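# Architecture at a glance
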Amino acid sequence: MSIPTPNEPGHRRPVLPRVAVVAPYWDFWEPTVGPALRTGRESLLSAVADQLGELDVEVVWQGLVDSTERGLSMGAEVAGLGPDAVLVVQTMAVPPAYVQAMLDQLPQPVVIWALQDSTTISSEFDASHITSLGATVGTPMLTNLLHRTSRPFDLVLSSTGNSTAGASVADRLRAGAVAYRLQGARLARVGHPMDGYVCVDADDDELQRALGMQVVRISPQEVRDRYQAVTDDEVEARRQDVDRHFAVGADIHQPGQRKEDLSRTLRLAVAMETLDRDNAIAAGAMNCHVPEIRFGEEPGLTPCFGLGCETTRGIPWSCTGDVLTAVAMLVAKGLSGAALYHEVEAIDFDTGEVAIANSGEHDLGWTIEGRTPGFEPNPWFAHDRRTGFRVRFELPAGPASLVGFAHQPGHPSGFGLVVAEGEITGRELAKNPTAGGIFRFTTSPVTEAWTRWASAGVNHHSAIAPGHLAHSVATVAKFAGVDCVVI
């Protein structure tokens with residue numbers, strides 16, 4: 001067990017989609033085009049698979065489907081591999097029942113790539129070209145069936161000469177994978193939300209019905225028991241990680257209360273890792289402000305550092321029992337590889353910026369390259385009997401998105417994702433007490449954007465992640481069957 005290293009190559013790890021790729025084919029057209037039609041489609045399919053591999057998509061299966069019988073057998077074969085999504089590469093007119101026979105056996109999200117094997121219509125355009133360039137004929141044949149059965153799908157149209165279309169397809173497959181992995185994901189809830197914090201709560205059964213997630217109730221006592229079971233050797237290993245990867249004060253290991261507080265912070269972080277591992281947790285929400293954790297003799301402090309370590313490792317955790325934001329964190333982390341639990345703390349009406357901060361959580365997947373994060377006592381809890389440690393760093397300038405999850409009573413699922421695109425401006429606040437930065441909405445002026453954000457039903461917490469994620473979040477929502485509000 002160790003702290004993930006900041007800024008190491010490949011450290012930011014979005015979901016790696018496992019995908020089955022199928023190309024519908026009809027030998028009815030071979031007399032028109034010639035025997036090269038099949039081999040050409042096979043080569044094109046292989047080129048697509050190779051391109052996806054370069055874009056961090058794992059192709060677990062690929063093949064042509066050329067009959068209903070073949071579709072049935074392929075569906076059974078692919079189902080056994082358990083992919084996250086199915087990509088249909090539609091290049092020609094084909095009876096849609098062929099691929100439908102396959103898809104009927106697969107509940108995974110479907111992305112369709114209408115791929116034309118030419119960028120232009122040449123002066124030699126004839127019957128063979130009508131066949132070989134028939135992506136815009138074959139695609140509506142399939143989307144018609146998906147539409148009439150209310151099966152969600154996402155669609156990309158491009159030519160083989162489009163250098164950016166593959167990345168768009170990969171993004172949609174990743175969104176599909178994130179949505180699919182929500183089903184059956186184990187969402188830990190440690191205790192109950194803070195007293196009166198009804199804005200962060202949701203009914204377990206309603207969450208399960210809406211998303212297919214499995215809520216795992218964990219008592220605060222179990223967290224304390226796991227804390228007490230951590231060995232001194234495990235604490236020492238984590239202490240060495242801190243020395244290697246963070247900027248720490250010279251007196252951090254001197255005998256006294258600070259050294260003991262550090263030991264308890266690290267012991268609690270190890271306990272969180274074992275809790276996630278032993279319960280196969282995908283995300284979690286904790287209220288630590290209870291006698292068994294913060295207010296007891298042991299651990300006697302907040303687990304902010306441990307929650308950040310788990311989020312960095314790919315298992316995002318929220319605070320105050322905010323189960324809604326835990327879902328938003330899981331989506332944002334899967335799409336972008338990083339997700340910082342935060343609040344929009346205040347608005348600079350002069351510049352149109354807002355301050356982003358939290359109470360001590362972090363995600364090392366989103367730090368400024370070459371700058372070592374700080375590791376210090378958490379100033380939010382400086383007046384407690386014991387003060388846990390937290391990580392501090394500024395978010396790097398660049399595109400970013402806010403992602404929330406909220407009740408949406410007007411939608412059949414009862415829930416929805418909310419997303420707002422913007423940027424981290426690079427302006428720094430030297431005394432910001434935790435990980436954070438300055439964000440600006442780029443879709444509209446701050447007064448309008450923030451008003452729409454709050455009016456969409458989010459609570460005071462959300463996830464912030466690198467990149468412009470509006471389309472990806474909307475795609476997750478479509479495949480997951482929940483609402484989506486784009487600010």
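Treat the numbers as computed from the prediction; the structure is a model and nothing was measured. In this numbering scheme, every chain counts its residues from 1 along its sequence in written order. Where local features are concerned, this predicted model is filtered to residues with pLDDT of at least 70; where side-chain atom pairs are given and counted, the filter is 80 or more; whole-chain, interface and lining totals use all residues. Only hydrogens and water are removed before side-chain values are computed, so all heavy atoms of the structure are retained for them.

### Considerations on the sheet that holds strand 4 (residues 110-116)
- For two strands to count as paired, DSSP must find a minimum of two bridges between them. Counting from the N terminus, the helices are the DSSP runs of H or I reaching at least four residues and the strands are the DSSP runs of E reaching at least two. Read from one edge of the open sheet, 5 strands run 2-1-3-4-5, paired in parallel fashion. The strands lining the two open edges of the sheet, one partner per strand, are strand 2 (58-65) and strand 5 (153-159). Taking the axes of each pair of neighbouring strands and ignoring which way they run, one obtains an average angle of 20 degrees across the sheet.
- As defined by bridge partners, strand 4 adjoins strand 5 across 7 bridges and the pair is classed as parallel. In this analysis an axis means a line fitted to C-alpha atoms, helices contributing only their contacting stretch, and an angle means the value between N-to-C directions, from 0 to 180 degrees.

### Details of the environment of Ala430
- Looking at the secondary structure, you find Ala430 in the loop between strand 16 (415-424) and strand 17 (437-441).
- Sequence spacing of Ala430 and Ile130 is 300 residues, and the spatial spacing of their C-alpha atoms is 63 Å.

### Examining the sheet that holds strand 6 (residues 186-190)
- A sheet is described by the order of its strands in space; here 4 strands give the open sequence 7-6-9-10, paired in parallel fashion. What marks the edges here is a single partner per strand, and that holds for strand 7 (214-218) and strand 10 (317-318).
- Pairing of strand 6 with strand 9 (residues 283-286), which is carried by 4 bridges, proceeds in the parallel orientation. Across the sheet, Leu187 pairs through a bridge with Ala283, a residue of strand 9.

### Examining the side chain of Arg390
- With respect to the helices and strands, Arg390 occurs in strand 14 (residues 389-392).
- Looking at Arg390, its side chain comes within polar contact range of the main-chain oxygen of Pro433, at 2.5 Å. Residues adjacent in sequence count toward polar contacts only when both atoms are side-chain atoms; beyond that, a polar contact is any pair of N or O atoms within 3.5 Å, and within protein one must be able to donate a hydrogen and the other to accept it.

### Thoughts on the packing of aromatic side chains
- Pairing of aromatic side chains here covers Phe, Tyr and the six-membered ring of Trp, requires ring centres within 6.5 Å, and sorts the geometry by plane angle: under 30 degrees stacked, over 60 edge-to-face, intermediate tilted. Tallied over the entire structure, the rule returns 9 aromatic pairs.
- Considering the side-chain rings of Phe246 and Phe305, the 6.3 Å spacing of their centres and the 75 degrees angle between planes classify their relative orientation as edge-to-face. Of the two residues, Phe246 sits in the loop between helix 10 (232-245) and strand 8 (247-248) while Phe305 sits in helix 12 (residues 304-313), which places them 59 residues apart along the sequence.
- Measuring from centroid to centroid gives 5.1 Å for Phe305 and Phe375, while their planes differ by 75 degrees, and the two rings are edge-to-face. Remark: Phe375 occurs in strand 13 (residues 374-377) and Phe305 occurs in helix 12; sequence separation between them is 70 residues. Per residue, the accessibility class of Phe305 equals that of Phe375, and both read buried.
- An aromatic cluster is present here, built from Phe246, Phe305, Phe375 and Phe389 joined pairwise through their rings. Any residue under 20% of the maximum accessible area for its type is buried, any over 50% is exposed, and the rest in between are partly exposed; the area is computed with a 1.4 Å probe on protein chains only.

Limitation: the analysis is restricted to geometry and does not speak to function.
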